[in-house]
Amino acid sequence: MKLKATLLDEKAINRTLIRISHEIIERNKGIDDVVLLGIKTRGYPIAKRLSEYIKSIEGKEVPVGHVDITLYRDDLTEHGDIPKVKNSELGVEIKNKKVIIVDDVLYTCRTARAAIDAIMDVDRPKVIQLAVLIDRGHKELPIRADYVGKNIPTSKSELIAVKLKETDADESVNIYMND
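Residues numbered from 1 in each chain as written. Predicted model: local features only at pLDDT ≥ 70, side-chain atom pairs only at ≥ 80, totals over all residues. Heavy atoms only, no water.

## Details of the environment of Leu159
With respect to the helices and strands, Leu159 occurs in strand β7 (residues 159–163). A residue is classified by how much of its surface remains accessible, and Leu159, at 40% relative accessible area, is partly exposed. Each C-alpha atom of the pair Leu159 and Met177 lies 6.4 Å from the other, and the pair is 18 residues apart in sequence. The contact partners of Leu159, leaving out residues within four places of it in the chain, are Met1, Arg136, Asn174, Ile175 and Tyr176. (Helix = DSSP H or I, 4+ residues; strand = E, 2+ residues; numbered from the N terminus. Buried < 20%, exposed > 50% of the residue type's maximum accessible area, 1.4 Å probe, protein only. Contact = heavy atoms within 4.5 Å.)

## Observations regarding the sheet that holds β7
Spatial ordering of the open sheet is given by β1-β8-β7, a layout of three strands whose pairing is antiparallel. Edge positions in the open sheet fall to β1 (2–8) and β7, since each of these has one partner strand only. The average angle at which neighbouring strand axes cross in this sheet is 25°, direction not considered. Along the sheet face, helix α1 (residues 10–27) touches β1, β7 and β8 (172–177) and points at about 45° away from the line of β1. (Pairing = 2+ DSSP bridges. Axes fitted to C-alpha atoms, helices over the stretch in contact; angles between N-to-C directions.)

## Things to note about unusual backbone geometry
Residues Lys40 and Thr41 are joined by a peptide bond in cis, for which omega reads 15°. Along the chain, Thr41 falls in the loop between β2 (34–39) and α2 (43–58). Unlike most non-glycine residues, His138 shows phi in positive territory, near 70°. Tracing the chain through its elements places His138 in the loop between β5 (127–135) and β6 (147–151). Given a relative accessible area of 27%, His138 falls into the partly exposed group.

The structure is reproduced here in structure tokens:
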């Protein structure tokens, strides 16, 4: 894969997450009953950052949990090894809450659908919303993000790579293309 462009650097990522934080507060008329659930791996640190930004704006903490969608994927055979059974614990109470699923990239929407299935198996929230850093198109399911950092139309041969300090020791969003 060949680097085509850097879409966001560290400062741009932070500005984008601050904007999404404001949008979350505005759309939900505050943060009462709001819970952030990050999809592992990169959605969780993004959710934690959103919570920190919201706290700096509102002065109150937004609970952050995580959702492991491994067992809910409908394309397991394409990913090789059979997954290990994971605990369906989300780390936060979601019953009658406004749950915002957080992920790094929205592509086919299969990950978002798997997260919704995992959440509904635990309990029933009041509402489920979706926040993503990048929406690259190519949806295969009728799911859209409520909060989008950046829309990046891509070809299916391109790859979007999100790197975060918490998981990659780097901070950027890059687009790669096949050689």
